[in-house]
Amino acid sequence: MNQPKLILVTGATGYVGGRLVPKLLEAGYRVRCLVRDVSRLQGRAWSKKVEMVAGDALNLDELASAMKDVSVAYYLMHGKQGGKDNAERDLKAARNFAQAAEDEGIEQIVYLGELVDPTANLSPYLRSRHETGFVLRHGKVPVTEIRAGMIIGSGSALFEMIRYLTEREPVLTCPAWFFSQAQPIAIRDVLSYLVDTLKTPDVIGRVIEVGGPTRLTYADMLLGYAKERNLRRWLIRTPFYAPRLSAYWVHMLTPIHWRVVAPLIEGLSAELIVRDETAKKLFPHIQP
């Protein structure tokens, strides 16, 4: 009897990766997690059901060891947000990943990228995320890049921003990014796309844009949350964008660090909407 495929998950300590692992296990796959510190996975409900390997994507030998006998590798990691040095480290990690995958005979790489306007003036962080996809795709191992915009779920940075700002501030002076169009997507839908990619051959070697069914602004989401909580909130619109100042402001009002918030705000300088509807054709059973 053939063994189930062995899947490598990087970024398992992150928001998406930590939720992807149990979904893969439920689907019957064997899972190996590559993390820099395996102690960070201790205590997870699924930690004893997976292989855990300590390693750094900047070390090609450690990557090759982690990829031994792996069929598909998920690239869900990235470094600290912002800055030229961090972006260069991310690109080096991507080059190493593509090389190790080729050397170890990996069948497919699945990369979770960012849904942004390609014509916009991207921040260093968002640019490096797109360039990471470019580097991975130009290796010899086929890549599926799932581009998602705002991911919403309990504990996600976006949702926690909405929750804390709405709960704490009855009157909000809103920068321009509050009113940019976006297509937020539920974490459960992102996980469905990521898992079903493994059994959808037509996605191999393609970029897939995914989003929720509704176009909303950040202001729409904030007021929607307020309505559900029976809170009256007033928004004062301003023409200023001020991404760095906004990130500091959110940092002061919420438990979320400004470095986590900054890429989200910078991304909202342009519309985060799906421009290619290929996902509907390839995944007709997923109704976001």
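This is a predicted model, so every value here is computed, not measured. (Residues numbered from 1 in each chain as written. Predicted model: local features only at pLDDT ≥ 70, side-chain atom pairs only at ≥ 80, totals over all residues. Heavy atoms only, no water.)

(A) Up close: the layout of surface pockets. Its boundaries defined by the atoms lining it, the second largest pocket holds a volume of some 260 Å³. Lining the second largest pocket are 17 residues, and of these Gly 211, Gly 212, Glu 277, Lys 280 and Pro 288 lie nearest its centre. Those elements giving two or more residues to the lining of the second largest pocket turn out to be strand E10 (207-210) and helix H10 (278-282). (1 Å grid on protein atoms, 1.4 Å probe; cavity = no way out; pocket = protein on both sides within 12 Å on 5 of 7 lines; lining within 4 Å. Points joined across faces, edges and corners; volume = space filled by probe spheres on them. Helix = DSSP H or I, 4+ residues; strand = E, 2+ residues; numbered from the N terminus.)

(B) Local environment of the pairing of strand E2 (residues 30-35). The buried fraction of E2 amounts to 5 of the 6 residues, a majority that puts the element mostly inside the structure. Inspection of the sheet shows strand E1 (residues 6-10) paired to E2 by 5 bridges, in the parallel sense. Note on E2: the bridge partner recorded for Val 9 is Cys 33. Alignment of E2 against strand E3 (residues 51-54), held across 4 bridges, turns out to be parallel. Bridging from a neighbouring strand, Leu 34 pairs with Val 53 of E3. (Buried < 20%, exposed > 50% of the residue type's maximum accessible area, 1.4 Å probe, protein only. Pairing = 2+ DSSP bridges.)

(C) Representation of unusual backbone geometry. Of note in this structure, Asn 230 is not a glycine but carries a positive phi near 55 degrees. The residue Asn 230 is located in the loop between helix H7 (218-228) and strand E11 (234-237) in this model. Of note, Ala 242 is a non-glycine position whose phi angle comes to about 45 degrees, a positive value. Checked against the element boundaries, Ala 242 lands in the loop between E11 and helix H8 (243-253).

(D) Summary view of helix H1 (residues 17-26). Within the span of H1, buried status applies to Gly 17, Gly 18, Leu 20, Val 21 and Leu 24. Projected onto a plane normal to the axis of H1, the buried residues spread over an arc of 155 degrees and lie on a single side. Close packing links the buried residues of H1 with E1, E2, strand E4 (72-75) and helix H6 (187-196). Immediately beyond the C-terminal end of H1, within one or two residues, lies Gly 28, with a positive phi of roughly 95 degrees. (Arc of directions from axis to C-beta. Contact = heavy atoms within 4.5 Å.)

(E) Representation of the environment of Glu 62 in the model. As for its position among the elements, Glu 62 is in helix H2 (residues 60-66). Linking Glu 62 and Phe 159, residues 97 residues apart in sequence, is a C-alpha distance of 35 Å. Apart from residues no more than four positions distant in its own chain, Glu 62 is found in contact with Gly 55 and Asp 56.

(F) Geometry of the sheet that holds E1. The 7 strands are arranged E3-E2-E1-E4-E5-E6-E10 in an open sheet whose pairing can be described as parallel. Strands at the two margins of the open sheet, each flanked by one partner only, are E3 and E10. The mean inter-strand angle of the sheet, taken between neighbouring strand axes irrespective of direction, is 20 degrees. (Axes fitted to C-alpha atoms, helices over the stretch in contact; angles between N-to-C directions.)

(G) Region of the structure containing the packing of aromatic side chains. According to the stated counting rule, one finds 10 aromatic pairs in the structure shown. Plain terms: the ring middles of Trp 177 and Phe 178 are 4.5 Å apart, the flat faces sit at 45 degrees to each other, and that makes the pair tilted. Accessibility classification places Trp 177 together with Phe 178 in one group, the buried group. Ring geometry for Phe 178 against Phe 179: centres 6.5 Å apart, planes inclined by 45 degrees, an arrangement best described as tilted. Residue classification places Phe 178 among the buried residues on the basis of a relative accessible area of 0%. Overall, the relative accessible area of 22% leaves Phe 179 in the partly exposed class. (Phe/Tyr/Trp six-rings, centres within 6.5 Å; stacked < 30°, edge-to-face > 60°.)

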